[in-house]
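The chain contents come next:
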Amino acid sequence: MGRGLNLEDPMLFVKANKLAGQAENDTTMRSLYYPPIGDDVILKPNQIRCGEHSDYGSLTLLFQDNGGGLEVKTKDGDFISATPIEGTVLVNIGDLMQRWTTDKLVSNVHRVIIPESENRQSTRQSIAYFSHPDTNFVVKCIDGSDKYPPITGGDYLRQRFEVTY
C-alpha cells in the first residue's frame, strides 16, 4: 500500500505493525459463525444477520466460505453483494486507514444479510483478521496535513470502543 500511495517510506504501514501478536498491538483474528436458520423461523421484514458497520482499524482481511451474504455499500448508498470468490481474501479498508490517508482510501460500510430461502439452512463461516497499528504508534495524516490530529493506535481504538459500547 505504501508503494501504491507513493509514500516516502513505502514500509510505513509494515513498521506500524511490528508488534502484531504481542500485547502492545491490538490486531485480532475472529471466527465469525452464523448458524443455519430453520424454515420454521419467522423472520422480520428486512432482518439481517449483522448490521451496517465499518471496521475500526487499518485493514481487515476476510476469509469467507461460499455461503454468501456479505454486502458492501456503494457511493450511491446501495448495497451490493460481495460474492465470495474461491481462494481469495477480501480486503476492507478500516476507519483508521481512512484517517491515516486523509480520506484517500475510504473505509467501506458493510453488512451481512440472511440468504435467500434456499440458503437459509446453510451456515456462514468466515475468519476476519483486524489489523491495527501498534498501540503506541502515532498515526499522522500521510499527506502532512492536520485534517485529523495525530493519535496513537491504542488511543484511537479506545475512543471507538467508548463510542460503541
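So, here is what we can say about the structure in this document.

Cut-offs and rules
- Residues numbered from 1 in each chain as written.
- Predicted model: local features only at pLDDT ≥ 70, side-chain atom pairs only at ≥ 80, totals over all residues.
- Heavy atoms only, no water.
- Phe/Tyr/Trp six-rings, centres within 6.5 Å; stacked < 30°, edge-to-face > 60°.
- Helix = DSSP H or I, 4+ residues; strand = E, 2+ residues; numbered from the N terminus.
- Buried < 20%, exposed > 50% of the residue type's maximum accessible area, 1.4 Å probe, protein only.
- Pairing = 2+ DSSP bridges.
- Axes fitted to C-alpha atoms, helices over the stretch in contact; angles between N-to-C directions.
- Expected span 1.5 Å × (residues − 1).
- Arc of directions from axis to C-beta.
- Salt bridge = Lys/Arg side-chain N within 4 Å of Asp/Glu carboxyl O.

1. Some points on the packing of aromatic side chains
For step 1, the next point in the chain: All told, the structure shown has 4 aromatic pairs when counted by the stated rule.
For step 2, the next point in the chain: Between Phe 13 and Trp 100, the aromatic rings sit 4.8 Å apart at their centres with planes inclined by 90°, giving edge-to-face as the arrangement. Of this pair, Phe 13 sits in helix H1 (residues 12-15) while Trp 100 sits in helix H2 (residues 95-100), and the two are 87 residues apart along the sequence. Judged on exposure class, the residue Phe 13 and its partner Trp 100 are both buried.
For step 3, the next point in the chain: With 5.8 Å between their ring centres and 55° between their planes, Phe 161 and Tyr 165 make a pair best called tilted.

2. Examining the sheet that holds strand E3 (residues 59-64)
For step 1, the next point in the chain: Strand order in the open sheet made by the 4 strands is E1-E8-E3-E6, with antiparallel pairing throughout. Lying at the two open borders of the sheet, with one neighbouring strand each, are strand E1 (28-34) and strand E6 (90-93). Ignoring strand direction, the axes of neighbouring strands in this sheet form an average angle of 20°.

3. Details of helix H3 (residues 153-164)
For step 1, the next point in the chain: The first and last C-alpha atoms of H3 sit 17 Å apart over 12 residues, in line with the 16 Å expected at 1.5 Å per residue.
For step 2, the next point in the chain: Three or more residues of H3 are buried, namely Gly 153, Gly 154, Tyr 156 and Leu 157. End-on, the buried residues of H3 take up no more than an arc of 165°, which puts them together on one face. Residues Glu 162 and Val 163 are exposed on H3 and point more than 90 degrees away from its buried face.

4. A short note on the pattern of salt bridges
Close approach of charged atoms lets side chains of opposite charge pair.
For step 1, the next point in the chain: All chains considered together, the criterion is met by 6 salt bridges.
For step 2, the next point in the chain: We note a salt bridge from Glu 52 to Lys 73, for which the minimum N-O separation is 3.7 Å. Remark: Lys 73 occurs in strand E4 (residues 70-73) and Glu 52 occurs in strand E2 (residues 48-53); sequence separation between them is 21 residues.
For step 3, the next point in the chain: Given the relative accessible area of 46%, Glu 52 is considered partly exposed.

None of this, on its own, says anything about what the molecule does.
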